[in-house]
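Observations on the model geometry
The residues making up each chain are set out below.
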Amino acid sequence: MSTAERISCTVTDGVADVRLNRPDKLNAIDQAMFEELVATGERLRSDSSVRAVVLSGEGRGFCAGLDFSVFGEMAEGARPPRLETDGPAKALAQQAVHIWTLLPQPVIAAVHGVSYGGGLQIALGADIRLVAPDARLSVLEIKWGINPDMTGTQVLPELVGRDVAKELTFTGRVVSGEEAVALRLATRVEEDPHAAALALAREIAGKSPQAIRESKRLLDLAGRIPLDEGFEAEQVAIHSLIGTPNQLEAISANLEKRTPNFTDPA
């Protein structure tokens, strides 16, 4: 897979290693990075050979948030670009986060150093967040007189509760990786988040890809649709999996105590 200027992406054994690639700027987000985040996500979304994704930042931190040039444009009255799309994310900045939730494959964010503002919102687009104990995370937008506008206002309350989401958003205070886990802003602490994320991604990549995709889809429905619809979706999914080649391979491999050999989704 090609390497873009702002985003690097390599795929090995079904695991996509995606990295924000502006280490000299602490991976601050500019227009080009927004565009490349969306483009990279779209490519991975349609690549059936990819079974798990790791999202991280090069250099000293995950992402420091918006590039100062973007704030300069705001001072001159510029407004975030809106795009024509059928999905809920109408702004490019929202799409740069929401695209990771649309991937059928699990996405794991590996967070070290700073993850501020827009950088934190990118991490929130992942299914799982592994953070260094001394990582620093903040809903920093209030410092610049703006609100989170990259899906964060809708995602945060679901993760940490409405009251904690408000406290973090109203104050912009910085929390450590340890506190982020306590607040449920992150999944767990790892001394080396990137290595741990790759190991987890490889483990996931070794499971039946259709079962993983269906499980992610169902879990993302939870609490967002009526319970009867969720139960029905669960049953439709299980019936679509039972008896398929990969499901039979999972059974055979377990009974024969060997590594399964799954095929990529059609």
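For the structure, see preceding data.
A brief look at the structure comes next. Predicted model, so just to flag it, every value in this text is computed and none were measured. (Residues numbered from 1 in each chain as written. Predicted model: local features only at pLDDT ≥ 70, side-chain atom pairs only at ≥ 80, totals over all residues. Heavy atoms only, no water.)

Nonpolar side chains in soluble globular proteins generally cluster together in the buried interior. Among the nonpolar cores identified, the biggest contains 48 residues, and Val18, Leu44, Val53, Trp100, Ile122 and Leu185 are the most heavily contacted of them. No other element matches helix H3 (residues 92-102), which puts six residues into this core. Discounting residues that sit within four places of it in the chain, Val18 has contacts with Ile7, Ser8, Cys9, Thr40, Leu44, Val53, Val54, Leu55, Ser56 and Trp100. Counting 14 residues, the second-largest nonpolar core is a separate cluster that includes Val54, Leu130, Ala197 and Ile212. (Core = buried A, V, L, I, M, F, W, Y, C linked by side-chain atoms within 4.5 Å. Buried < 20%, exposed > 50% of the residue type's maximum accessible area, 1.4 Å probe, protein only. Helix = DSSP H or I, 4+ residues; strand = E, 2+ residues; numbered from the N terminus. Contact = heavy atoms within 4.5 Å.)

Our focus in this paragraph is the side chain of Asn27. You can see Asn27 is positioned in the loop between strand S2 (15-20) and helix H1 (31-45). A polar contact is formed between the side chain of Asn27 and the backbone oxygen of Gly61, at a distance of 2.9 Å. The residues touching Asn27, leaving out its near neighbours within four places in the chain, are Leu20, Asn21, Arg22, Met33, Gly57, Glu58, Gly61, Phe62, Cys63 and Ala64. (Polar contact = N/O pair within 3.5 Å; in protein donor to acceptor, adjacent residues only side chain to side chain.)

Here the focus is the environment of Leu26. Structurally, Leu26 can be placed in the loop between S2 and H1. Sequence separation between Leu26 and Arg188 is 162 residues, and the spatial gap between their C-alpha atoms is 23 Å. If sequence neighbours within four positions are ignored, Leu26 has contacts with Arg60, Gly61, Phe62, Cys63, Ala64 and Val114.

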